[in-house]
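Observations on chain architecture
Each chain, written out:
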2 protein chains.
Amino acid sequence: MKLTILGCYAATPRSFTNPTSQVLEIRNELFLIDCGEGTQVELRRNKVKFSKIKHVFISHLHGDHFFGLVGLIATFRLLNRKKELHVYGPKGIKEAITLQLKLSNSWTNYPLYFHVLEEKMPERIYEDDKVTVDTIPLKHRIYANGFLFREKPGDRKLNIHAAQKYKIDVVYYKKIKAGKDMVLDDGTVIPNAELTFDPDPPKSYAFCSDTVYKPDNIPQLKGVTALYHEATFIEKHADLAQPTGHSTAKQAGKIALEAEVKNLILGHYSTRYPDLDLFGDEAKEIFDNVLLADDGKVFEF
Amino acid sequence: MKLTILGCYAATPRSFTNPTSQVLEIRNELFLIDCGEGTQVELRRNKVKFSKIKHVFISHLHGDHFFGLVGLIATFRLLNRKKELHVYGPKGIKEAITLQLKLSNSWTNYPLYFHVLEEKMPERIYEDDKVTVDTIPLKHRIYANGFLFREKPGDRKLNIHAAQKYKIDVVYYKKIKAGKDMVLDDGTVIPNAELTFDPDPPKSYAFCSDTVYKPDNIPQLKGVTALYHEATFIEKHADLAQPTGHSTAKQAGKIALEAEVKNLILGHYSTRYPDLDLFGDEAKEIFDNVLLADDGKVFEF
C-alpha cells in the first residue's frame, strides 16, 4: 500500500498548501480519496498517471473535499479518456457535477458512474479480486463518510527452492501460488505447504475526515495498518472542535489507541497553527506511532 | 489601468500554467474577469487583496473560465467577508453556484448577487462614477461574452502654479478640478481654463475570450487602449480554430488592426505549442503593438 498525500490542510487552498486529496495505491490499483480544488494539478506534480484512476471516493460535499472533482472529470474528457470512472459520494454529487457539465455543453466521452451514498451504517461500496472498500460513518456538519480499504489475502508465496528441487515447470507456479497441491508425473503428491510460504498479511487503510471524535467507529477500525484521522485542532481549541464537527490531535490519538491501529496519520490541519509538530506532539502523548501527513508526502505500508 | 494576468492558458490547469483569470484595476477598483480552477491561489500569489474584489465577470461556462468561482465564493465566506459580491455571467451560473453551496450547507454570510447575461447584443451591465462595463458578444461553442471596460473622463488637473499665483485656498481645489471657474474675494472671475489642464484621456480595456474571429465586433472595439484577444492557435492549425470556436494569432492581429486599438494582448494559448513567440510573431506580421500575456504578468496602461 502506498499513500500519496496531495493535500491535507483544512478550509481554503493557499499558495503552498492544498485542501484534502490523497491517492491510495493497492497492488497497482489507484483510488483517489477526496478532491479539493487544485487536485488535478497536484496529481500532475506528484506524477500520478491520470488514466490509472478509476475510482474516486468523496467523503462529503464541503468545498475543500470536493471542488476539484468537476475539473478533474472535465480534464479526463480533454485527455480523451476512454476508461470508466466511478465516483462514490453523498447524495447531490451527481447533480452538482452533471449540472456543470451540462452548462458547459461538454458531457464526458467516457462512461461516468455515480454511486450515491446515503447509508448511516457501514456498507460495502466496492469489491474486486484484490480489495474491498467499506464506508465508515462519520459525524460532521453535513453527511460524511470515511472509507476503509482492505486488501484481500494475496497469493501464497512460491518457495522457489522447493519448486526447483522437484523440477516443477513454471506453468504450474500460478496454481501452486493459488494453494493447490502438485502431482508429479510419477503420481507423487507434493503438499502445497511444502511448496509455498504464507502470503503477507493483508493490509488495511482507514480514512476518517471530517469528523468529531466518534468512538463508536472503534470496532470497525480495529487493528488497521494505517488510520488517517483528521486533527483540525489541538486541545487548546477543543471548544472549537465539537461545534465545527472536527477533532483534536489528542482525540485522533485516542481513537488510534483504542482501535489498536498500527499507525496513525494526522491531517486536515487548521492553518492557524505555525507548526505541525503541535499536532504530532499532542497525539504522541496518547499513541506511539504517529505520522504527520503533509502535501506531497508518501507513506508506504 | 493595471491588468494582472492570473492565468491565460487554454483547457486544463497544469503544474506551471493556469486557466483563464485576470484582475483589472481601474482607479483603485478591482474587477475579476473569469475564474478558472485555482484562481483563488493565484490571487494570493499575486497579492491581490480579496476584499477589494466586488465584481466578477464570467465570459462563459466552460470549466477553464469558471470552475474556480465556487471555491472563491466559499473562501470569501470563510474569511468572514461582509461586502457585497456581484457576479455577471451566462444563464445557469447562479444555479451551478447555489446548488454547490446548498449541498455544502454553507450559504454565504455576505450579500451575493448574480447578474444573468442572456443578450446577444452589447449591453451595459455595470456603471459607477469611474467606469462603465459593456458586454461584447462573442461566438464560441456555447453562449459567451467579452467585456469592455471604459474609464469615465477624470477630473481636470489642477495647475498648481496658477492656483498659488491667485492665492486660492486648498478648500476650492476640488471644485476647480470639477471644472468650475473661481471667484476671488474681490469679485474677479478666474476662468477654469486658466487654473486647470485637460485630464488624461480615459482608457479602455476589451477582453475577448473565447471566440472565433468575429469582425462584426470591430466597431465596438474601435480605438480601445488595450484589447486582450484569444489566440488559441496559430495559422498552421487554422482548421481547428473554427470548429472549436477559437481564433488564431493572425486573426487576433487582424481584429486589432481593423479596430485600430493601441495594444493587442494575446492569450488563451493552446498548450500544444512550445513557445509563446509563435503567437507573437504571427500577430506582429499584421499588427505592431503585440504583447504576450503570461501567468503573473502585469500590464499598465
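Small disclaimer: the values here were computed from a predicted structure and weren't measured. Within any chain, residue numbers begin from 1 and follow the written order of that chain's sequence. Starting at A for chains and at 1 for ligands, labels are handed out in the order in which the entities are written. pLDDT decides what is reported in this predicted model: residues at 70 or higher carry local features, side-chain atom pairs at 80 or more are listed and counted, and totals for whole chains, interfaces and linings draw on all residues regardless.

1. Topic: the overall build of chain A
What counts, and what does not: Secondary structure elements are defined from DSSP: runs of H or I of at least 4 residues count as helices, runs of E of at least 2 residues count as strands, and each element is numbered from the N terminus. Labels follow a simple rule on C-beta atoms placed from the backbone: if 20 or more others lie within 10 Å of a residue's own, it is buried; if 12 or fewer, it is exposed; otherwise it is partly exposed. By the convention adopted here, residues are in contact when the distance between their C-beta atoms, placed from the backbone, does not exceed 7 Å.
Within chain A, the regular secondary structure consists of 10 helices and 18 strands. With respect to the three principal axes, the spread of C-alpha positions in chain A is 75 × 55 × 35 Å. Going through the 301 residues of chain A one by one, you find that 44% of them count as buried. Of the contacts made within chain A by residues no fewer than 6 positions apart, 62% connect residues no fewer than 24 positions apart.

2. Thoughts on the relation of the copies chain A and chain B
Spelled out, the test is: For the least-squares superposition of copies, only C-alpha atoms count, and only for residues with pLDDT at least 70 in both.
Expressed as a screw transformation, the operator carrying chain A onto chain B has a rotation angle of 180° and an axial translation of 0.0 Å, and the superposed copies differ by an RMSD of 0.1 Å. In symmetry terms, the pair is related by a two-fold rotation axis. Identified as the residue of chain A closest to the rotation axis by C-alpha distance is glycine 38 of chain A, at 3.0 Å. Counting the interface residues of chain A, we find that 100% of their copies in chain B are interface residues as well, pointing to one common contact surface.

3. With respect to the domain arrangement of chain A
Stated precisely, the cut-off is as follows: Segment limits for the domains were obtained from an automatic or database-derived domain assignment.
One can read the domain layout of chain A as domain 1 (2-154 + 200-300) and domain 2 (157-197). For domain 1 of chain A and domain 2 of chain A, the distance between their C-alpha centroids amounts to 42 Å.

4. As for the sheet that holds strand β4 (residues 53-57) of chain A
Residues and elements named next belong to chain A. Let me state the cut-off plainly: Here, a strand pair is defined by DSSP locating no fewer than two bridges between the strands. For helices, the axis comes from a line fit to the C-alpha atoms of the stretch in contact; other axes are also lines fit to C-alpha atoms, and the angle between any two N-to-C directions lies between 0 and 180 degrees.
Pairing is mixed in the open sheet, where seven strands are placed in the order β6-β5-β4-β3-β2-β1-β18. Edge positions in the open sheet fall to β6 (112-117) and β18 (298-300), since each of these has one partner strand only. Sheet twist, expressed as the average angle between the axes of neighbouring strands with direction ignored, equals 20°.

5. A short note on the sheet that holds strand β17 (residues 290-292) of chain A
Residue and element names in this part refer to chain A. The mixed open sheet is built from seven strands, whose spatial order is β7-β8-β9-β14-β15-β16-β17. Each having just a single partner strand, β7 (124-127) and β17 make up the two edges of the open sheet. Within this sheet the neighbouring strands show an average axis-to-axis angle of 20°, counted without direction. Bridge analysis of strand β9 (residues 144-151) against strand β14 (residues 204-208) gives four bridges, and the strand direction is antiparallel. Residue leucine 148 lies in a different strand from β14, and its bridge partner there is alanine 206. Here helix α10 (residues 277-284) sits on the sheet and contacts β16 (263-267) and β17; the angle it forms with β17, its principal contact strand, is near 170°.

6. Considerations on the interface of chain A and chain B
The condition is simple: Nonpolar residues are Ala, Val, Leu, Ile, Met, Phe, Trp, Tyr, Cys and Pro. Charged residues are Asp, Glu, Lys and Arg, and all others, Gly as well, are polar.
In this assembly, 31 residues from chain A lie in contact with 31 residues from chain B. Mapped onto the side of chain A that touches chain B, the elements with two or more residues apiece are α1 (39-45), α2 (69-78) and α3 (93-103) of chain A. Of the residues contributing to the side of chain A that touches chain B, the split by class is 12 nonpolar, 13 polar and six charged.

7. Quick look at the nonpolar core
Let me state the cut-off plainly: By our criterion, buried Ala, Val, Leu, Ile, Met, Phe, Trp, Tyr and Cys residues that link up through C-beta atoms within 7 Å make up a nonpolar core.
Within the largest apolar cluster, 146 residues are counted, with the highest numbers of intra-cluster contacts made by Leu227 of chain A together with Leu227 of chain B. Ignoring anything within four residues of it in the chain, the contact list for leucine 227 of chain A reads Ala206, Cys208, Leu221, Ala256, Ala259, Val261, Leu264 and Ile265 of chain A.

8. Here's the deal with the environment of aspartate 155 of chain A
All names here are of chain A. Tracing the backbone shows aspartate 155 in the loop between β9 and β10 (157-158). Judged by C-beta crowding, with 13 C-beta atoms within 10 Å, aspartate 155 ranks as partly exposed. Considered as a pair, aspartate 155 and glycine 187 are 32 residues apart in the sequence and their alpha carbons are 25 Å apart. Residues in contact with aspartate 155, not counting those within four places in the same chain, are Lys177, Ala178 and Pro199.

9. Some points on the packing of helix α9 (residues 249-258) of chain A against α10 of chain A
Each pair of packed helices can be described by the angle between their axes along with the distance between the axes. All names here are of chain A. The test is simple: Angle categories: roughly parallel below 35 degrees, roughly antiparallel above 145, roughly perpendicular from 65 to 115, and oblique for all the rest. Throughout, a crossing is termed right-handed when the near helix is turned clockwise from the far one, and left-handed when it is turned anticlockwise from it by less than a right angle.
Contact pair α9 / α10: the axes reach a minimum separation of 8 Å and the direction vectors enclose 40°. In terms of axis orientation, α9 runs oblique to α10. Crossing geometry of α9 relative to α10 is assigned as right-handed. Contact with α9, carried on its side by Ala249, Lys250, Ala252 and Gly253, involves Phe279, Glu282 and Ala283 of α10 and no other residues of that element.

10. Considerations on helix α2 (residues 69-78) of chain B
Residue and element names in this part refer to chain B. With eight of 10 residues buried, α2 is to be regarded as a mostly interior element. Among the residues of α2, Leu69, Val70, Gly71, Leu72, Ile73, Ala74, Thr75 and Phe76 are the ones counted as buried. The secondary structure elements touched by the buried residues of α2 are α1 (39-45), β4 (53-57), β5 (85-90), α3 (93-103) and β6 (112-117). A positive backbone phi angle near 65° is found at asparagine 80, which sits one or two residues after α2.

11. Describing unusual backbone geometry
Of the consecutive residues serine 209 of chain A and aspartate 210 of chain A, the connecting peptide bond is found in the cis state with omega at 5°. One non-glycine residue, alanine 11 of chain B, lies in positive phi territory at about 70°. Looking at the secondary structure, you find alanine 11 of chain B in the loop between β1 (2-7) and β2 (21-26). The class for alanine 11 of chain B is buried, based on 21 C-beta atoms found within 10 Å. One non-glycine residue with positive phi stands out, namely asparagine 105 of chain B, at about 50°. Looking at where asparagine 105 of chain B falls in the secondary structure, it is placed in the loop between α3 and β6.

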